[in-house]
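# Structure assessment
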Amino acid sequence: MPGDSAILEALALVTSPMMLLVIGLSVVGGIVVGAIPGLTATMALALLIPVSYSLPPDQGIAMMVAVYVGGISAGALTAILIRMPGTPAAVATVADGFPMAQQGRAGQAIGNAVVASFAGTVISGVCLVLFAPTLADFAVKFFFSEIVAVAIFGLTAVIAVSGKTLSRGLFTALLGMLIATFGVSTVDGISRFDFGNTNLQSGIGLMPMLIGMFAVSQLMKTTSDSQRPSQAHLDSGPIYPPLGDIVGNTTNYIRSSLIGTIIGVIPSLGSGVAGLVSYAQARNASKTPEKFGTGHVPGIIASEAANNAAIGGALIIALTLGIPGDPPTAILLGALMIHGVDTGPMLFENNSGLVYSIYFSLFASSVLMMIFLLAFGRYIAKVTRIPNRILSPIIFALCVAGVFSGNNLTFDLGVMLVFGLVGFLLDRGGFPLAPFIIGFLLGPLIEDNYRRLMSFGGLEDFVTRPISAIFLALAIASLLYSFWKRKSQAAVRA
Amino acid sequence: MSNYDRWVGLVGIAFSLGLIFSSFGIETPEWGDVVGPTFWPRLLCAGLLAVSVFLVIKPDPDGASDRAIGFRHFFAFGAAALYVLALPILGFLIVTPVFIAFGYLAVGANTSRRRIGEALFAAAAGTAAIYLVFQVLLETQLPSGQLF
């Protein structure tokens, strides 16, 4: 069976000393970045694109998966120690993690968070292995209308749930799609909006745009908001959870991981929402709900298992349909595109070895993440004290080096700066950035396939072909749900 | 009431109108597909224009006042822009340590002798680390200037 040899090759590749070294270093890098307040896993991924580009695709993507796992997992450190989620994913962890640290049980809190993160990643990884190929087999039969409908569904779901107001989410998504039209059209080779600049004929580069939007804008923010909160004392006890905490929470582990996986599959909800929903469910299912929020271990497990499980869920939809569910997976997909790899259902057909290496990288990353955090969590926690005055200028220089290394063009550095400023200004105004990047990636997919559909088929395909009809119906339902939710929230506020 | 939404809306209106105007200069080939290269950008411009007008007319009642933009933000951006502009003239290896040391002192807002020493160390170590990773390990190029 050809699939078996691809699996064995991928397994051999991921377990090779070089690959384990790459994954190990990347996990540590992700943990360090995730543990520093203000720096996010998304930012780490954006910064790594140029490094990934200089490696073979399997190593480059494995590195990014490892940073993703490490970054999300380490968000718990700052949530527990300084009451500030290192990444948005760890928002719910604050509720019980910080009270535990104040009670002198920071080690126990971190240990439980680490093991829950591991369990969440592994369980969602199993779901990824089981369900992604089936979904991809189904998706490979898609024609132009299905691809357009799926992309519209991905886009509307993102817009529907992002930002305080729908208009802000729509604004950034449309802006992203519009910026993506700059340069030569892939359908007919006609150049659009190049303004006589030859650099613009190849469009706005994905790498400088991503690094500007997610790294430079974040640096502008942290450079000025440089106050560090006071830090809770990390007790001298071991950083691992008592066996009783694990055995007594078996149901919580499984339920939270499955919730996280399912929420991860839904575009744009992301790991932060997964943690919050799972936390609420754990509280509802508990015999002692009053203990939640006072330093209760099940609260930490629910949040951390779910936010890590969202990684596997997001990868299911990203790898099979090419829909980036959240900014980190958008960057991962962007990295695959930069490597010249076709994303979406054809990825499984043309690059099954790469897909398997992503699976194994996810598992290897979660094991190494747990080992590193349990063994060295006490020392890694010290990075939360690194001042911005050291980090910010060095990270910016790193952005410059990374962007320039892509095409050796100073023009790309200008693009990075412009998008850094745009990202910062939008973020300050409460405009979500996720729809921008998702619009940037999905816009060309919609346009190209729509134009081909109109040449080889017709609009009626959207309703006569069942899959595209279902996805368009889902898109409409998603928008209607969004309107209903906002209206009911407004009514509650009134 | 958020004036921020109004400003963003006005920028959006100007941007979309500018692109609609510019789209009339896009060449439309006779041999092309049914839809053509201008349909999609114009559709998006129309959408952006509509949303921008909405933002101007009905801005979000929850303003962005808690996330104000201050002088320090633009100072940080200005320093970054100067750094990028100086790269093609002086080169990465000269401009980067200066930028890191300056950034260290500017963000820290303290120029004691000890801080200056720390800044110089951070500048040298940071530049060396980036050079090692990109130029030596990954064998990629760093921006070279006319001087170096």
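Here is a short report on the structure shown in this document. (Residues numbered from 1 in each chain as written. Chains lettered and ligands numbered in written order. Predicted model: local features only at pLDDT ≥ 70, side-chain atom pairs only at ≥ 80, totals over all residues. Heavy atoms only, no water.)

Looking now at the overall build of chain B. Counting its regular elements, chain B contains 5 helices and 0 strands. Sequence-ordered secondary structure for chain B, helices as α and strands as β, is α-α-α-α-α. In chain B, which comprises 148 residues, the share counted as buried stands at 41%. Sequence-distant contacts, at least 24 apart, represent 66% of the contacts inside chain B between residues at least 6 apart. Summed over all atoms, the accessible surface of chain B reaches about 8400 Å², with 69% contributed by carbon and sulfur. (Helix = DSSP H or I, 4+ residues; strand = E, 2+ residues; numbered from the N terminus. Buried < 20%, exposed > 50% of the residue type's maximum accessible area, 1.4 Å probe, protein only. Contact = heavy atoms within 4.5 Å. Areas by Shrake-Rupley, 256 points an atom, 1.4 Å probe, with all protein chains shown as cover.)

Turning our attention to the overall build of chain A. For chain A, the helix and strand inventory stands at 22 helices and 2 strands. Across the 494 residues that make up chain A, the buried fraction comes to 61%.

Now for helix 15 (residues 327–338) of chain A. All names here are of chain A. In a regular helix each residue adds 1.5 Å, so 12 residues correspond to 16 Å; helix 15 covers 16 Å between its end C-alpha atoms and thus fits that length. Judged by how many residues are buried, helix 15 sits mostly within the fold: 10 of 12 residues are covered. Restricting attention to buried positions, one finds in helix 15 the residues Pro327, Pro328, Thr329, Ala330, Ile331, Leu332, Leu333, Gly334, Ala335 and Leu336. Where helix 15 terminates, the next one or two residues include Gly340, which has phi positive at roughly 80°. (Expected span 1.5 Å × (residues − 1).)

Right, let's talk about the side chain of Asn307 of chain A for a bit. Of note, Asn307 of chain A is situated in helix 14 (residues 297–321). A distance of 3.3 Å separates a polar atom in the side chain of Asn307 of chain A from a polar atom in the side chain of Glu304 of chain A. (Polar contact = N/O pair within 3.5 Å; in protein donor to acceptor, adjacent residues only side chain to side chain.)

This brings us to the interface of chain A and chain B. Contacts between chain A and chain B engage 61 residues on the former and 65 residues on the latter. Put simply, Asp5 of chain B and Arg168 of chain A hold a salt bridge, and the shortest N to O gap is 3.0 Å. Put simply, chain A and chain B have 3 residue pairs in polar contact (both at pLDDT 80 or more) between them. Among the elements of the structure, helix 3 (41–53), helix 8 (166–179), strand 2 (191–192), helix 10 (206–224), helix 18 (388–407), helix 19 (410–428) and helix 20 (434–456) of chain A are those that each provide at least two residues to the side of chain A that touches chain B. Ranked by residues supplied to the side of chain A that touches chain B, first place goes to helix 18 of chain A with 13 residues. (Salt bridge = Lys/Arg side-chain N within 4 Å of Asp/Glu carboxyl O.)

Turning our eyes to something else, we now look at the environment of Asp326 of chain A. Residue and element names in this part refer to chain A. Structurally, Asp326 can be placed in the loop between helix 14 and helix 15. Under the relative-accessibility criterion, Asp326 is labelled buried at 9%. Each C-alpha atom, one on Asp326 and one on Ile437, is 9.2 Å from the other, the two residues being 111 residues apart in sequence.

Quick look at the pattern of salt bridges now. Summed over the entire model, instances satisfying the criterion amount to 5 salt bridges over all chains. Salt bridges linked by common partners bring Asp188, Arg192, Glu447 and Arg451 of chain A together as one network.

To continue, consider the environment of Gly248 of chain A. Its location among the elements puts Gly248 of chain A in the loop between helix 11 (243–247) and helix 12 (250–265). In sequence terms Gly248 of chain A and Pro298 of chain A are 50 residues apart; their C-alpha atoms lie 9.0 Å from each other.

Before going further, it helps to spend a moment on the packing of helix 1 (residues 3–23) of chain B against helix 2 (residues 39–57) of chain B. Angle between the axes and distance between the axes: these two values describe a pair of packed helices. Residue and element names in this part refer to chain B. Relative orientation of the contacting elements helix 1 and helix 2 amounts to 155°, with a least axis distance of 8 Å. In this view, helix 1 runs roughly antiparallel relative to helix 2, as classed from their interaxial angle. Along this stretch, helix 1 crosses helix 2, giving a crossing that reads as left-handed. On helix 2, the residues that touch Asp5, Arg6, Gly9, Leu10, Gly12, Ile13, Phe15, Ser16, Leu17, Leu19, Ile20 and Ser23 of helix 1 are Arg42, Cys45, Leu48, Leu49, Ser52, Val53, Leu55, Val56 and Ile57. Looking at side-chain class alone, the contact of helix 1 with helix 2 contains 13 nonpolar, 5 polar and 3 charged residues. (Axes fitted to C-alpha atoms, helices over the stretch in contact; angles between N-to-C directions. Parallel < 35°, antiparallel > 145°, perpendicular 65-115°, else oblique. Left-handed = near helix turned anticlockwise from the far one by under 90°. Nonpolar A, V, L, I, M, F, W, Y, C, P; charged D, E, K, R; others polar.)

Moving on to the packing of aromatic side chains. We describe a pair of aromatic rings using the distance from one ring centre to the other and the angle between the two ring planes. Residues and elements named next belong to chain A. For the coordinates displayed, the defined rule picks out 15 aromatic pairs over all chains. Between the aromatic rings of Phe193 and Phe195, the centroid separation amounts to 6.5 Å while the plane-to-plane angle is 25°, which identifies the pairing as stacked. Given a relative accessible area of 3%, Phe193 falls into the buried group. Through successive ring pairs, a cluster of aromatic residues spans Phe143, Phe144 and Phe456. It is Arg168 that lies over the ring of Phe431; its NZ or CZ is 5.4 Å from the centre. (Phe/Tyr/Trp six-rings, centres within 6.5 Å; stacked < 30°, edge-to-face > 60°. Lys NZ or Arg CZ within 6 Å of the ring centre and 35° of its normal.)

Side chains of residues three or four places apart in an α-helix project in the same direction, reflecting 3.6 residues per turn. Here helix 6 (residues 106–139) of chain A is 34 residues long and its end C-alpha atoms lie 46 Å apart, about the 50 Å a rise of 1.5 Å per residue gives. Most pronounced at Phe131 of chain A, the bend in helix 6 of chain A amounts to some 35°, and the proline Pro133 of chain A follows within four residues. (Bend = angle between axes of the 7 residues up to and from the residue.)

Here the focus is a nonpolar patch on the surface. A cluster of nonpolar residues, Ile254, Leu258, Ile262 and Ile266 of chain A, forms a patch on the protein surface that exposes about 340 Å² of accessible area. Counting through the fold element by element, Ile262 of chain A comes out in helix 12. (Patch = residues over 30% accessible without salt bridge, like charges linked within 9 Å, V, L, I, M, F, W, Y side chains within 5 Å.)

So, about the side chain of Arg168 of chain A. The residue Arg168 of chain A is located in helix 8 in this model. For Arg168 of chain A, a relative accessible area of 2% translates into the label buried. Separated by 3.0 Å, the side chains of Arg168 of chain A and Asp5 of chain B make a polar contact.

Everything listed here is a matter of coordinates, which is why it stays silent on function.
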